[in-house]
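Read off the chains here:
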There are 2 protein chains.
Amino acid sequence: MVSPHVQDELRIFFTSLALGACMRETLAEWRPVVDEAIADLVPREIDTEYLESFFGEPTYAYDPDGLQRALSDPLWDLLDRGGKRWRAVLFLVFVEGFGEDPMAYLPYACIPEILHNGTIIVDDVEDGATKRRGEPALHHIYGRDVALNAGNALYFLPLKILTEDPGNLPAEQRLAAYEMLMDELNRTHLGQGMDICWHNEREVRITPAEYLEMCACKTGCLGRIVARLAAIITDQPERVERAAATYAELTAVAFQIGDDILDVENSLGRAGEFGKEFGNDVREGKKTLLVIHAIEESPPETATRLQEILEAETNTDDELAEALSIIEDAGSIEYAREHALELAADARAAVDELALDAETTDRLYTFTEFVVDRDV
Amino acid sequence: MVSPHVQDELRIFFTSLALGACMRETLAEWRPVVDEAIADLVPREIDTEYLESFFGEPTYAYDPDGLQRALSDPLWDLLDRGGKRWRAVLFLVFVEGFGEDPMAYLPYACIPEILHNGTIIVDDVEDGATKRRGEPALHHIYGRDVALNAGNALYFLPLKILTEDPGNLPAEQRLAAYEMLMDELNRTHLGQGMDICWHNEREVRITPAEYLEMCACKTGCLGRIVARLAAIITDQPERVERAAATYAELTAVAFQIGDDILDVENSLGRAGEFGKEFGNDVREGKKTLLVIHAIEESPPETATRLQEILEAETNTDDELAEALSIIEDAGSIEYAREHALELAADARAAVDELALDAETTDRLYTFTEFVVDRDV
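So, how was this worked out
- Residues numbered from 1 in each chain as written.
- Chains lettered and ligands numbered in written order.
- Predicted model: local features only at pLDDT ≥ 70, side-chain atom pairs only at ≥ 80, totals over all residues.
- Heavy atoms only, no water.
- Helix = DSSP H or I, 4+ residues; strand = E, 2+ residues; numbered from the N terminus.
- Rg over C-alpha atoms; globule rule 2.2 N^0.38 Å.
- Buried < 20%, exposed > 50% of the residue type's maximum accessible area, 1.4 Å probe, protein only.
- Contact = heavy atoms within 4.5 Å.
- Areas by Shrake-Rupley, 256 points an atom, 1.4 Å probe, with all protein chains shown as cover.
- Salt bridge = Lys/Arg side-chain N within 4 Å of Asp/Glu carboxyl O.
- Core = buried A, V, L, I, M, F, W, Y, C linked by side-chain atoms within 4.5 Å.
- Axes fitted to C-alpha atoms, helices over the stretch in contact; angles between N-to-C directions.
- Parallel < 35°, antiparallel > 145°, perpendicular 65-115°, else oblique.
- Left-handed = near helix turned anticlockwise from the far one by under 90°.
- Nonpolar A, V, L, I, M, F, W, Y, C, P; charged D, E, K, R; others polar.
- Phe/Tyr/Trp six-rings, centres within 6.5 Å; stacked < 30°, edge-to-face > 60°.
- Lys NZ or Arg CZ within 6 Å of the ring centre and 35° of its normal.
- Domains from an automatic or database assignment.
- Buried area = accessible area lost by both parts, 1.4 Å probe.
- Polar contact = N/O pair within 3.5 Å; in protein donor to acceptor, adjacent residues only side chain to side chain.

**Student:** In this structure, what is going on with the overall build of chain A? I would like to understand it.
**Tutor:** Check the secondary structure of chain A and you find 18 helices and two strands. Relative to the 2.2 N^0.38 estimate, which gives 21 Å for 376 residues, the radius of gyration of chain A is 22 Å and therefore close to what a compact globule would have. The dimensions of chain A, computed from C-alpha atoms along their principal axes, are 65 × 50 × 35 Å. The buried share of chain A, taken over its 376 residues, is 61%. Considering only contacts within chain A whose residues lie at least 6 apart along the sequence, 75% involve residues at least 24 apart. Of the roughly 14,300 Å² of accessible surface on chain A, 47% is carried by carbon and sulfur atoms.

**Student:** Any chance you could explain the pattern of salt bridges here in plain terms?
**Tutor:** Working definition: two side chains of opposite charge can pair if their charged atoms are close together. Residue and element names in this part refer to chain A. Per the counting criterion, the structure on display carries 50 salt bridges over all chains. Here Arg44 makes a salt bridge to Asp80, at a shortest N to O gap of 2.8 Å. Here the residue Arg44 occupies a position in the loop between α2 (23-41) and α3 (48-55), and Asp80 occupies one in helix α4 (residues 64-80), the gap between them amounting to 36 residues. Taking relative accessible area as the criterion, Asp80 reaches 40% and is therefore assigned partly exposed. Among the charged side chains, a network of salt bridges with common partners joins Asp183, Glu184, Arg224, Arg228, Glu241 and Glu249.

**Student:** Is there a simple way to explain the nonpolar core in this structure?
**Tutor:** Counting 249 residues, the largest nonpolar core has Phe91(A) and Phe91(B) as the members making the most contacts within it. No other element matches helix α11 (residues 208-233) of chain A, which puts 15 residues into this core. Aside from chain neighbours lying at most four places away, what touches Phe91(B) is Tyr105(B), Tyr108(B), Ala109(B), Val226(B), Leu229(B), Ala230(B) and Ile233(B).

**Student:** Looking at this structure, how should I read the packing of helix α10 (residues 171-200) of chain B against helix α11 (residues 208-218) of chain B?
**Tutor:** Axes are the key here: two packed helices are described by the angle between their axes and the distance separating the axes. Residues and elements named next belong to chain B. In contact at an axis separation of 7 Å, α10 and α11 are set at 135° when each is read in the N-to-C sense. Relative to α11, α10 is oriented oblique. Between α10 and α11 lies a crossing of left-handed hand. The segment α10 lies against α11, with Arg187, Thr188, Gly191, Gln192, Met194, Asp195 and Trp198 engaging Glu210, Tyr211, Glu213, Met214, Cys217 and Lys218. Among the residues making up the contact of α10 with α11, the classes are represented as five nonpolar, three polar and five charged.

**Student:** Mind showing me how you'd approach α11(B) here?
**Tutor:** What sets the pattern is the α-helix's 3.6 residues per turn: residues three or four places apart point alike. Counting buried positions along α11(B) yields nine of 11 residues, so the element is predominantly enclosed. Those residues of α11(B) not exposed but buried are Pro208(B), Glu210(B), Tyr211(B), Leu212(B), Glu213(B), Met214(B), Cys215(B), Ala216(B) and Cys217(B).

**Student:** Looking at this structure, how should I read the packing of aromatic side chains?
**Tutor:** Describing an aromatic ring pair means giving the distance of the ring centres and the angle of the ring planes. Per the stated rule, a full pass over the model turns up 18 aromatic pairs over all chains. Judged by centre distance (5.9 Å) and plane angle (20°), the ring pair of Tyr50(A) and Phe54(A) falls under stacked. With Tyr50(A) and Phe54(A) both in helix α3 and four residues apart, this pair spans about one turn of that helix. Residue Phe54(A) is classed as buried on the basis of its relative accessible area, which comes to 4%. A centroid spacing of 6.0 Å and a plane angle of 45° characterise the contact between Tyr155(A) and Phe156(B), whose relative ring orientation is tilted. Taken together, the positions of Tyr155(A) in helix α8 (residues 144-156) and Phe156(B) in helix α8 (residues 144-156) put the pair across two chains. For the pair Tyr155(A) and Phe156(B), one class covers both residues: buried. Following the ring pairs from residue to residue traces out a cluster consisting of Tyr155(A), Phe156(A), Tyr155(B) and Phe156(B). Here Lys160(A) stacks its cationic end above the ring of Phe54(A), 5.6 Å away from the centre of that ring.

**Student:** Would you explain the domain arrangement of chain A in this entry?
**Tutor:** Accessible area lost upon the coming together of the parts is a frequently used measure of interface size. Residues and elements named next belong to chain A. The domain architecture assigned to chain A consists of domain 1 (1-168) and domain 2 (170-376). Centre-to-centre, using C-alpha coordinates, domain 1 lies 24 Å away from domain 2. Contact residues are listed per partner, giving 35 residues for domain 1 and 36 residues for domain 2. For the pair domain 1 and domain 2, the summed buried area comes to about 3,200 Å², and 77% of that belongs to carbon and sulfur atoms. At the surface where domain 1 touches domain 2, the tally comes to two salt bridges. As a salt-bridge pair, Asp165 and Arg174 come within 3.9 Å of each other at their nearest N and O atoms. Counting across the domain 1 and domain 2 interface gives five residue pairs in polar contact (both at pLDDT 80 or more).

Right, here's the structure in full:
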């Protein structure tokens, strides 16, 4: 299934990753390999033969033209816009770390990757997003109905890989994988549910622990799927699966906090710069860890002012700048950064607990550093 | 888990079903039993204890208030509006027909029922529906983001029942159930994808076979889940699972065609009746089996005229009446009715193949008649 050429690329990738080469470029080089595997699952051109082999014989007759437009066109439009495919890559790093040949499990690497792209499409509909990766959000191109159905189809399509069973897994491993996926996908929706509800509330009433839980569920669970799937299909003991999941969850939460910090840091001092968006999180009224901290730590009238700006339907640039200053003055950037670094340290500790070979350990360290220290 | 009182109600229900009592009222009586089982899965009042026991320990802390509004409120709002819960009831009929005590498997009856309610919420967002069961569609009350996330959460929440394993099923049965669900839920999204794409196309280019496939996927697969789940958890041989699935699929397709016929029949002669909506399917440009047949069978200029009316953004009442007459004159109502009756006969043949006890056979016959012969 995987050509020797692709195998070479994969080897080069792993070598360069171990050497700590620039992660961003390396991931970019590796994208075509993952995309080739995804194209085995959802081809760019859908025909009856594919539909019958992947989804089973129809009772009457499929309409491949309709399904081209309902499924393949939106997915490949999104994939071709970019994305680093890091969920697939991290999965393969784990598989190799667990002593198995990643080539043998390449199709499984598509599971978290396709799920992730499904959530992107659905999230954009939920948020009423206008743009995605620099182009119009999918529902603006294909219509809300087609985009949403495609996004939801991508929640179930990759799970069929376990039934297809390219790795010849014993029944108990396939069952464990399904149970794990149901566990994590349920919690993903809890995380998204909390985030959305808070977004729709005016008041900031949540605690740092609830915010971190939202991140752990919404962003962390997809990371946990990556780690646990690799552990399950390579038949690791439970404590390994658990430590790998903890690593992935902590890294994902650190990533989310890093995102929140970047939004504030990149915005400070930018007010009035022509054509630059700034203070997006404040504009959207997002209850980030920084905002929760700033409201807890500021003098009452300052906290009330920040709350007012967050609650307002629209804000002037001056108001955004004021909110950003309140956050900065409360020491919330340092607080959040310390928290992210602690999470990263805990993630490294979880890797140490795994006691994998030095190369894999180094890759996993590098990966956490990459997501926490990135500047864009 | 199930109170003696509820067990009595269930017995009464089954008896009255066997006696061919009015299905509609019987289903209504039985609704509280299913709703009690659903409330065990998603309580009306969400607290930390429920969240921790159903979704697992949080890493930090859940926000039960947020999840009340994100999950439980929208679901129970929808359930309390009505719905016949026939998917749950049909599941229990099959379980008893397969020689097992339906009480022992009541929680599993919630799987197709909750999935169905999830698809309703998502479909309404996709279609931009304004009403659902006489009240505003959920996204008009809770916002598109909350409604959509709740709908999607309901795709995964019931699948966790298999992991909870209230029936103490062996691993191979749980795996078979998961694989079946992935199979059918993938095809559900193919059906919805075809339907949506055709809806967005101006031309009627599809064949009756493609239309029937869309029904078999979109409506039939949820019926197949009902039948196959009952067969799997009671450990039936494959041929039984297949015949039961065929019965449920055929009944669901017959139901869909019955729907299409009713829309035309109830509309004929109603043009100009004050306050009555009529010709809804034509108004929406739906490519039903009747429309496909009428376009195939009418003289070319009449077919073109029907196509024009379907394609138009808006229609006058006279145009709707004209389209309905073209459909009637082409003999499309009789064509569709014959087709629905054939499907119902095939469904009965599938029941005969199952060779179940006379009582269950009669219930399954009655059920098919009920969905095909209904007048509203």
